[in-house]
Amino acid sequence: MLKLVIFITFFVIVRSQSMTEETSSPYANSENKQSLDELISEPKSDNDNNRVIGDNTQINGQNIDVKSNSQQGSGGTQNPESSNSSKNINLGCGIRNVDGVGFRTPSSLGNVAQFGEFPWTVAILKEEKALDEQIFNVYVCGGSLIDPGVVLTAAHCVDQKDPKILKIRAGEWDTQTKDEPYPHQDRAVRDYVIHPEYHHGTLFNDIALLFLIQPVEIAENVNTVCLPNADDIFDNARCFASAWGQDRFGKEGKYSVILKRDELPIVPRETCVQKLRETRLGRHFQLHSSFICAGGERGDTCKGDGGSALVCPIPNAPHRYVQTGIVAWGIGCGNSTPGVYANVQMFRNWVDKQMELNHLTIKSYLYR
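Residues numbered from 1 in each chain as written. Predicted model: local features only at pLDDT ≥ 70, side-chain atom pairs only at ≥ 80, totals over all residues. Heavy atoms only, no water.

1. Let's talk about the pattern of salt bridges
According to the stated counting rule, one finds 15 salt bridges in the structure shown. Across the pair Asp 232 and Arg 368 runs a salt bridge whose closest N-O atoms are separated by 3.2 Å. Placement of the pair is Asp 232 in the loop between strand S10 (208–212) and strand S11 (238–243) and Arg 368 in the segment after helix H8 (348–357), with a sequence separation of 136 residues. Accessibility expressed as a relative area gives 14% for Asp 232, which makes it buried. (Salt bridge = Lys/Arg side-chain N within 4 Å of Asp/Glu carboxyl O. Helix = DSSP H or I, 4+ residues; strand = E, 2+ residues; numbered from the N terminus. Buried < 20%, exposed > 50% of the residue type's maximum accessible area, 1.4 Å probe, protein only.)

Set out below in structure tokens:
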């Protein structure tokens, strides 16, 4: 049984910004340090790269020219239907604005999300001071808005962090400019709660809630996502993840300045375990019940996507989505091995209870 206990301590690939900041390596307790680099891929974390979000146009330590995302500057086109369809925006949780809001980006841009397409997507930031005392917003993780005052994310994104240095940004699209149809909204974090059975070494029960000092305002580009019910079934559903992480794994991977969109299938548990056992995790690997799997295709979440939402379509409800997973870890990116996500459905009762304890209603993420 010992080899089952240590399986993720060796092999987990965290798809976030925060793990390498807490320790020199999330695998520090490994007894096989000599061959560690051969056994794992680098954690999907990049706080040490100083990814700055905002008008201070520095990313990964390099200065970048600010590029407008106005309808002329971005190559986007006006979308008259968007203004008409906006009448249906925010009439409930989980509404995906398929054609975007205000303008539409051309399909030639690949997996770039439309502006406002996934209005629940938030960036979790932390404030850092430069030597000249200037304050920078450093990207930590992704998250999702489940209530105007509450963000859902992965526990490993915020574990041991001081809530006073954290903020969230809702309605963001291009991280390097404010020239967008509707403004983003920044809010400070009042406090957060991590699942009591979260385990740092294995990422079991990798879920947390951030409570904001002031709620965001629901807008054309800001809305909540729905949460699943106990009887929902998602196997083989075509789902989406949206985040600002890398486009591929390794040194060749580049971080996205504009919100990207990855379409992923939910992978049945038995199939996922079989695929994971074909990797260096080995034939005795057991997938913890707090995880689900998605991907195994070219499009995939990657380093920097940790904490972001995996959303699946609600049956018989066009363009409405429910959050099934939270980006957690994987073996590389964009290969035939599915990625691993925290199972949101499993934690629905826990989320409801935390909302109640904070005197908040659960109506913001109910779809039936």
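Now that the structure is up, let's keep going.
2. Section: unusual backbone geometry
Phi at Asn 205 is positive, roughly 55°, even though this residue is not glycine. Along the chain, Asn 205 turns up in the loop between strand S9 (185–194) and S10. Backbone geometry places Asn 236, a non-glycine residue, at a positive phi of 70°. Its location among the elements puts Asn 236 in the loop between S10 and S11.

3. Considering helix H7 (residues 269–277)
Turning to H7, its buried residues are Cys 272, Val 273 and Leu 276. Down the axis, H7 shows its buried residues gathered within 100° of arc, on one side only. Exposed and facing more than 90 degrees away from the buried side of H7 are Glu 270 and Gln 274. (Arc of directions from axis to C-beta.)

4. Considerations on the side chain of Asp 206
Mapped onto the elements of the fold, Asp 206 is located in the loop between S9 and S10. For Asp 206, a relative accessible area of 0% puts it in the buried group. With near-sequence residues (within four places) excluded, Asp 206 lies in contact with Thr 153, Ala 154, Ala 155, His 156, Tyr 198, Ile 326, Ala 328 and Ala 342. (Contact = heavy atoms within 4.5 Å.)

5. Observations regarding H8
Residues Arg 348, Trp 350, Val 351, Asp 352, Gln 354 and Met 355 constitute the buried set of H8. Lining the buried residues of H8 we find strand S6 (135–147), strand S7 (150–153), S9 and S10. Downstream of H8 by a residue or two, His 359 has a phi angle that is positive, lying close to 60°.

6. Examining the state of the cysteines
All chains considered together, the criterion is met by four disulfides. For Cys 93, the disulfide goes to Cys 226, at an S-S distance of 2.0 Å. An S-S torsion of about 100° defines the bridge between Cys 93 and Cys 226 as right-handed. Taken together, the positions of Cys 93 in the loop between helix H5 (80–85) and strand S4 (103–104) and Cys 226 in the loop between S10 and S11 put the pair 133 residues apart, joining distant regions of the chain. With a sulfur-sulfur separation of 2.0 Å, Cys 239 is cross-linked through a disulfide to Cys 312. On the S-S bond that ties Cys 239 to Cys 312, the torsion sits near 100°, and the link is right-handed. Within this pair, whereas Cys 239 is found in strand S11, its partner Cys 312 is found in strand S14 (residues 309–313), the two being separated by 73 residues in sequence. Exposure class is identical for Cys 239 and Cys 312. Each is buried. (Disulfide = S-S within 2.5 Å.)

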